[in-house]
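Reading the structure
Okay, here's what each chain looks like letter by letter:
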Amino acid sequence: MRRSYGVGEALLDAWAVVLPIDCSGCGRPDRALCPACRAALRPAVHCTERRGVPVWSALDYTGVARQVIAAYKDGGRTDAVGVLSASLRSAVVAALAAVPEAAGSGGPGIHLVTVPSSRRAWRQRGFHPVDLLLGRGGLAPTRVPRAVRETSDQVGLDSTERGANREGSLVAGRRLDGFRALVVDDILTTGATVLEARRAILEAGGEVVGVATLAETRRRHAVTDRSSETR
């Protein structure tokens, strides 16, 4: 193990000479993610609720996690995909484990449903952040809801404004009788986005067993439970 780590470090040093880069968490040179920031991104899965819906999140959206996720989503730093995908996968696994009949990765008959990016976000990024993380983690995303209208950027909106901004913005487009879903998203704040996806699925006859997110802003919401993955 010690030898493998040394080889890996040497390769990173050599690559840094060819293509200089800095850590997307702290700005340290010559590493896409330095060891300290990698450690800070170790998942600590916890469960909260939004309107009675259980939400499992891997990280707190603060500090290093906030910097790295923002760089990934809006700065094109897809070199963090490997670390972030492992964190998101841990939240998905915890959420599925909370559904008795869904034991095992993927859960029989349970689809991992992601929320579509806005046209504006797709033009800016050229990729869907959550789908990319799930795929890297060996999970198959399903995009059932589709947008029926454009929404505003949620940044700067309060909880009421976020709810109004998202309300009625998604539709399933087909009947979902017998369809079971775990809604998966990147950042949880008020929950307006995931709750809108849930509404669209329920309205089409489907069932939502819960929500899993990469990170959560916990300023106004207390943790209600904690999974064994935090130990």
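Since this is a predicted model, take the numbers as computed values, not measurements.

Quick notes on the overall build of the chain
In terms of helices and strands, the chain carries 8 helices and 9 strands. Here the chain holds 231 residues, and 45% of them are scored as buried. Considering only contacts within the chain whose residues lie at least 6 apart along the sequence, 70% involve residues at least 24 apart. Per element, the accessible surface of the chain, about 11900 Å² overall, is 52% carbon and sulfur.

Digging into helix α3 (residues 63-74)
Given 3.6 residues per helical turn, the α-helix brings residues three or four places apart onto the same face. Between its first and last C-alpha, α3 extends 16 Å over 12 residues, near the 16 Å set by a 1.5 Å rise per residue. Three or more residues of α3 are buried, namely Ala65, Val68, Ile69, Ala71, Tyr72 and Lys73. Just past α3, the residue Gly76 takes up positive phi, approximately 70°.

Section: the environment of His46
Position of His46 relative to the elements: it lies in strand β1 (residues 46-50). Through-space distance from the C-alpha of His46 to that of Trp56 is 5.7 Å; in sequence the pair is 10 residues apart. Within the structure, His46 has its side chain in polar contact with the side chain of Glu216 (distance 2.8 Å).

With respect to the packing of helix α4 (residues 81-97) against helix α6 (residues 129-136)
Direction vectors running N to C along α4 and α6 enclose 85°, while the axes themselves pass 8 Å from each other. As judged from the angle between their axes, α4 and α6 are roughly perpendicular. Facing α4, whose interface residues are Val81, Gly82, Leu84, Ser85, Leu88 and Val92, α6 presents Val130, Leu132, Leu133, Leu134 and Arg136.

What about the packing of aromatic side chains?
Any pair of aromatic rings gets described here by the distance separating the centres and the angle formed by the planes. Summed over all chains, the structure comprises 1 aromatic pair. Arranged with centres 5.6 Å apart and planes meeting at 45°, the rings of Tyr72 and Phe127 form a pair that is tilted. Of this pair, Tyr72 sits in helix α3 while Phe127 sits in the loop between α5 (119-125) and α6, and the two are 55 residues apart along the sequence. Considered together, Tyr72 and Phe127 belong to a single accessibility category, that of buried residues.

Quick notes on the side chain of Glu216
Position of Glu216 relative to the elements: it lies in strand β8 (residues 207-216). By relative accessible area, Glu216 is classed as buried at 1%. Of note is the side chain of Glu216, whose polar atom sits 3.5 Å from the side chain of Thr48. At 2.9 Å, the side chain of Glu216 and the side chain of Arg50 are in polar contact.

Thoughts on the pairing of β8
In terms of residue burial, β8 counts as a mostly covered element, since 9 of its 10 residues are buried. The pairing of strand β7 (residues 180-188) with β8 spans 8 bridges and is classified as parallel. Considered in β8, the bridge of Val183 is made with Val211. One crossover worth recording links β7 to the parallel β8 by way of helix α8 (residues 192-203), and it is right-handed.

So, the pattern of salt bridges
In the structure shown here, the tally under the stated rule is 9 salt bridges. For Arg77, the salt bridge goes to Asp79, with nearest N and O atoms at 3.0 Å. We classify Arg77 as buried; its relative accessible area is 16%. Here Asp177 and Arg175 are joined by a salt bridge, their closest N and O atoms 3.0 Å apart. For the pair shown, Asp177 and Arg175 are each scored as exposed. Look at the salt bridges and you will find they share partners, linking Asp22, Arg77 and Asp79 into a network.

Here's the deal with the pairing of β7
Burial of β7 is extensive: 9 of the 9 residues sit out of reach of the surface. Pairing analysis gives 5 bridges linking strand β3 (residues 110-114) to β7, with the strands arranged parallel. By the bridge assignment for β7, Leu112 is matched with Leu182.

Topic: unusual backbone geometry
The phi torsion at Arg51 lies on the positive side, around 50°, for a residue other than glycine. Here Arg51 is to be found in the loop between β1 and β2 (53-60).

Here is what the cut-offs are and how they apply
Residues numbered from 1 in each chain as written. Predicted model: local features only at pLDDT ≥ 70, side-chain atom pairs only at ≥ 80, totals over all residues. Heavy atoms only, no water. Helix = DSSP H or I, 4+ residues; strand = E, 2+ residues; numbered from the N terminus. Buried < 20%, exposed > 50% of the residue type's maximum accessible area, 1.4 Å probe, protein only. Contact = heavy atoms within 4.5 Å. Areas by Shrake-Rupley, 256 points an atom, 1.4 Å probe, with all protein chains shown as cover. Expected span 1.5 Å × (residues − 1). Polar contact = N/O pair within 3.5 Å; in protein donor to acceptor, adjacent residues only side chain to side chain. Axes fitted to C-alpha atoms, helices over the stretch in contact; angles between N-to-C directions. Parallel < 35°, antiparallel > 145°, perpendicular 65-115°, else oblique. Phe/Tyr/Trp six-rings, centres within 6.5 Å; stacked < 30°, edge-to-face > 60°. Pairing = 2+ DSSP bridges. Right-handed = clockwise from strand over helix to strand, strands pointing away. Salt bridge = Lys/Arg side-chain N within 4 Å of Asp/Glu carboxyl O.

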